[in-house]
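Residue-level structure breakdown
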Amino acid sequence: MPGLLSIESHDDVAVVTLQRPEKRNALSIDLRVEMADAFERLAHDDAVACIVLTGAGTAFCSGMDTSQFGGDPEHRRRLVETSTEAFHAVGRCPKPVLAAVNGPALAGGFALALLCDVRIASHEATFGYPELPIGIPPSYAAARAALSPAVARELCLTGRVVEAPEAARIGIVSELCPAGDLRGLALARAAAIARMPRAAILETKRRILFDGERTWGALFDEEERVFRAALLEGEPDPAA
């Protein structure tokens, strides 16, 4: 199903908008495929210097589309592969990525925002891992890669949802603004990054990715292994 996201060009800034507002931009298989393809194309587009990621409607992203969980082995393999590809495409993008969080960024949507380099948000935004109380371990790797150890541990162990003012106070986002001003602010911040010398920005992002791989790469790999085992092989042995 095409058209689950849109890409707009604003000079050398690309705005990627998740377009499932009726599902709070939940990440279906098809949306994950489109997102991976979009970020792969933009990564290799010399006309693009910075990318803004946002959501249509009143939510940024409510996480994985859990209505698609289960199914036969081939479907479950598709769930794993598209999830890995989409999150890798954003988290390992060689261009700077700014998240414009227009509403709830929850579960996998919170992890998606944390994989971006910069996060700004509207006053209506919320953040957290509410999947924990139903027995799904949240992405500690994404939290730890972006947040302080104390904040990452507390959010991952409690599953509580954080309102926008607290999100700014504890470092989840760098700026807050009214919902109507978010797009303009995001474009302004992305354009400021894009105006910097291109080679210097790309080298800086390369160092960011290098540091992330060196510091958190093994943790992300472990989370991926557990996710794959849970969907394809049953619950993994914690001692494995």
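Scroll up a little and you will see the structure.
Note that this is a predicted model, so its numbers are computed, not measured. (Residues numbered from 1 in each chain as written. Predicted model: local features only at pLDDT ≥ 70, side-chain atom pairs only at ≥ 80, totals over all residues. Heavy atoms only, no water.)

1. Side note on the environment of serine 67
You can see serine 67 is positioned in the loop between strand E3 (50–55) and helix H2 (73–91). Given the relative accessible area of 62%, serine 67 is considered exposed. Along the sequence, serine 67 and arginine 228 sit 161 residues apart, while their C-alpha atoms lie 18 Å from each other. At 2.5 Å, the side chain of serine 67 and the side chain of aspartate 65 are in polar contact. (Helix = DSSP H or I, 4+ residues; strand = E, 2+ residues; numbered from the N terminus. Buried < 20%, exposed > 50% of the residue type's maximum accessible area, 1.4 Å probe, protein only. Polar contact = N/O pair within 3.5 Å; in protein donor to acceptor, adjacent residues only side chain to side chain.)

2. A short note on the packing of helix H1 (residues 29–43) against H2
Put simply, H1 and H2 touch, their axes get as near as 8 Å, and they point 35° apart. At the point where H1 passes H2, the crossing takes the left-handed sense. Mapping the contact onto sequence places Ile29, Arg32, Val33, Met35, Ala36 and Phe39 in H1 and His75, Arg78, Leu79, Thr82, Ser83, Glu85, Ala86, Ala89 and Val90 in H2. Classifying every residue of the contact of H1 with H2 gives nine nonpolar, three polar and three charged. (Axes fitted to C-alpha atoms, helices over the stretch in contact; angles between N-to-C directions. Left-handed = near helix turned anticlockwise from the far one by under 90°. Contact = heavy atoms within 4.5 Å. Nonpolar A, V, L, I, M, F, W, Y, C, P; charged D, E, K, R; others polar.)

3. Here we look at the nonpolar core
Within the largest apolar cluster, 51 residues are counted, with the highest numbers of intra-cluster contacts made by Phe39, Phe127 and Ile172. Of all the elements in the fold, those that place two or more residues in this core are strand E2 (13–18), H1, E3, H2, strand E4 (97–101), helix H3 (108–114), helix H4 (140–146) and helix H5 (149–158). Among the elements that make up this core, the one with the highest residue count is H1 (seven residues). With near-sequence residues (within four places) excluded, phenylalanine 127 lies in contact with Val101, Ala105, Leu106, Phe110, Ala121, Arg160, Val161, Val162, Ala167, Ile172 and Val173. With 14 residues, the next largest nonpolar core counts Cys177, Leu182, Leu185 and Ala190 among its residues. (Core = buried A, V, L, I, M, F, W, Y, C linked by side-chain atoms within 4.5 Å.)

Purely geometric numbers; function is a separate question.
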